[in-house]
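Remarks on the overall topology
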Amino acid sequence: MANLCIQQCLIVVLVVLGSLTTPSDCFHSDHDHHPKTTAALFTFGDSLFDPGNNNYINTTVDFQANFPPYGESFFKYPSGAFSDGRVIPDFIAQYANLPFLQPYLQIGSQYQLAYGTNFASGGAGALAETFAGFVIDLKKQLWYFNEAEKKLRSNLGNRRAERVVSNAVYLFCIGSNDYSTDSTNSSIFKSSTPEGYVAMVVGNITTVFKEIYKKGGRKFALMNVPAIGCIPAFRALNVAAGGNGECEEEYVALPKLHNALLSRELEQLQKQLKGFKYSYFDFFTVLNEIIDNPSKFGLEEAKTGCCGGGPYRGDHSCGGKTAIKKYDLCDNPQDYLFFDSTHPTQAANEQFAKLMWSGSTNLTGPYNIKSLFQLSY
């Protein structure tokens, strides 16, 4: 979630064709609960899922993470992912025995399409107006998926490409940036009721689901929107306004409205669209649980970021490349929930991915992602 948000997400799983060679940068799991898979993974979303697509677009440093100390816990260089290491889709691909999936805009990604790819862009929203001109919004990500589907047909032939698309899991994390301070100060927000604005955001998300369904996609996974008012950036805003670093309640209430409507709309899609299956991860609840009890999840610090400046290290200054140059960096990011003012650490991303992959239905339902991968169409 570039700039101010943690966001919702959905995965795409596509058929892996045995005739294709696995790239050398694969990493596979040999855990028993990670089955062999013949499906691919296609990812849509914001900075929680972006592996580096924003490296390849005309944007500003505020929407990029291609500089130190990003990436240092795993890649040992800044890959463009908004974390100290891997993001959630990287772990999901590992659990599914897929290769490491490159950013779609990276040269060479077209040779991996039978395994999937990642379209996510830091700062993206479901609305085209959210950070317009600086990010790849959800509608444009869908356009790239349609382009990738045409490439699959050209490379594999219609029948094999259709099998890839129908067996794929489509992973989404989108919506948080639509409720950032920039978005809620916009004319489109001010001219709507909160309920009307949320309906527009959710409507854009479900429209993309329906378009992928028309192409043959049947298996969808997504995260709901967390209480973004509780991330370090918003706690710092609370302090600046004279508070004690509490959550900013407006930015907790809007995600609640969003999640309630999204949940209802998904239930309707399952009734209306034959074969539509989905995994809905309650990111809102899980993030709040970690903030309240980080040690339960193997973490020590859940309110202050590892990298940044100001109260709670909530300034958008990690790496010193933005307007605010001063920042501090912790020595132990593996103990933190947040790496910078808005994004989780690799350690937290792994916790989220495990719950999404094989969590119980009270947090990840009606299917978890592992069970989606096991479905065949």
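Residues numbered from 1 in each chain as written. Predicted model: local features only at pLDDT ≥ 70, side-chain atom pairs only at ≥ 80, totals over all residues. Heavy atoms only, no water.

- Per an unreviewed UniProt entry, the chain goes by GDSL esterase/lipase 1-like and derives from Coffea arabica.
- Looking at the Sequence similarities (unreviewed entry) heading of the UniProt record, one finds this comment for the chain: "Belongs to the 'GDSL' lipolytic enzyme family." (UniProt positions renumbered as here; feature names shortened; annotations may be inferred.)

**Brief notes about the packing of aromatic side chains**
- Under the criterion given, the structure shown has 30 aromatic pairs.
- Here tryptophan 143 and tyrosine 144 contribute two aromatic rings whose centre-to-centre distance is 5.5 Å and whose plane-to-plane angle is 75°, an arrangement assigned as edge-to-face.
- Residue tyrosine 144 is classed as buried on the basis of its relative accessible area of 15%.
- Above the face of the tyrosine 144 ring, lysine 140 is positioned so that its terminal group lies 5.1 Å from the ring centre. (Phe/Tyr/Trp six-rings, centres within 6.5 Å; stacked < 30°, edge-to-face > 60°. Buried < 20%, exposed > 50% of the residue type's maximum accessible area, 1.4 Å probe, protein only. Lys NZ or Arg CZ within 6 Å of the ring centre and 35° of its normal.)

**Let's talk about helix H9 (residues 283-292)**
- Among all positions of H9, only Phe283, Phe284, Val286, Leu287, Ile290 and Ile291 are buried.
- Looking at the packing, one finds that the buried side of H9 touches strand E5 (219-223), helix H7 (232-240), helix H8 (250-272), strand E6 (277-281) and helix H10 (346-358). (Helix = DSSP H or I, 4+ residues; strand = E, 2+ residues; numbered from the N terminus. Contact = heavy atoms within 4.5 Å.)

**A look at the confidence of the model for the chain**
- For the chain, per-residue confidence averages 91 on the pLDDT scale, and residues scoring 70 or more make up 90% of the total.
- Note that residues 2-37 has pLDDT below 50 and, in this model, 187 contacts with residues that lie over four places away or in other chains. (pLDDT = per-residue confidence, 0-100.)

**Overview of the packing of helix H6 (residues 194-215) against H8**
- Taken N-terminus to C-terminus, the directions of H6 and H8 make an angle of 40°; their axes are 9 Å apart at the nearest point. Judged on the interaxial angle alone, H8 and H6 are oblique. Here the hand of the crossing between H6 and H8 comes out right-handed. For the pair H6 and H8, contact is made by Pro194, Glu195, Val198, Ala199, Val201, Val202, Ile205, Thr206, Phe209 and Lys210 and by Leu254, Leu257, His258, Leu261, Leu262, Glu265, Leu266 and Leu269, respectively.
- Class assignment for the residues of the contact of H6 with H8 results in 13 nonpolar, two polar and three charged. (Axes fitted to C-alpha atoms, helices over the stretch in contact; angles between N-to-C directions. Parallel < 35°, antiparallel > 145°, perpendicular 65-115°, else oblique. Left-handed = near helix turned anticlockwise from the far one by under 90°. Nonpolar A, V, L, I, M, F, W, Y, C, P; charged D, E, K, R; others polar.)

**Focus on the state of the cysteines**
- Per the stated rule, a full pass over the model turns up three disulfides.
- Shown here is the disulfide that connects cysteine 230 with cysteine 247, its sulfur atoms set 2.1 Å apart. Between cysteine 230 and cysteine 247, the S-S dihedral sits near 115°, and the bridge is therefore right-handed. Here cysteine 230, found in the loop between E5 and H7, pairs with cysteine 247, found in the loop between H7 and H8; they are 17 residues apart in sequence, far enough to count as distant. The pair formed by cysteine 230 and cysteine 247 is uniform in burial state, with each residue classed as buried.
- Across the disulfide, cysteine 306 is cross-linked to cysteine 330 (sulfur-sulfur distance 2.0 Å). (Disulfide = S-S within 2.5 Å.)

**So, the pattern of salt bridges**
- Under the defined criterion, the tally for this structure stands at five salt bridges.
- A salt bridge links lysine 215 to glutamate 149, with the shortest nitrogen-to-oxygen separation between them at 3.6 Å. Taken together, the residues lysine 215 in helix H6 and glutamate 149 in helix H2 (residues 138-156) connect sequence positions 66 residues apart.
- For lysine 215, a relative accessible area of 32% gives the class partly exposed.
- Within this structure, Glu149, Arg153, Glu162 and Lys215 form a network of salt bridges that share partners. (Salt bridge = Lys/Arg side-chain N within 4 Å of Asp/Glu carboxyl O.)

**A word on the pairing of strand E4 (residues 169-173)**
- Among the five residues that make up E4, five are buried, leaving the element largely enclosed by the rest of the structure.
- The side-chain alternation of E4 yields two buried faces, one formed by Val169, Leu171 and Cys173 and the other by Tyr170 and Phe172.
- In the sheet, strand E2 (residues 41-45) pairs with E4 via five bridges, with the strands oriented parallel. For threonine 43, the partnering residue across the bridge sits in E4 and is leucine 171. (Pairing = 2+ DSSP bridges.)

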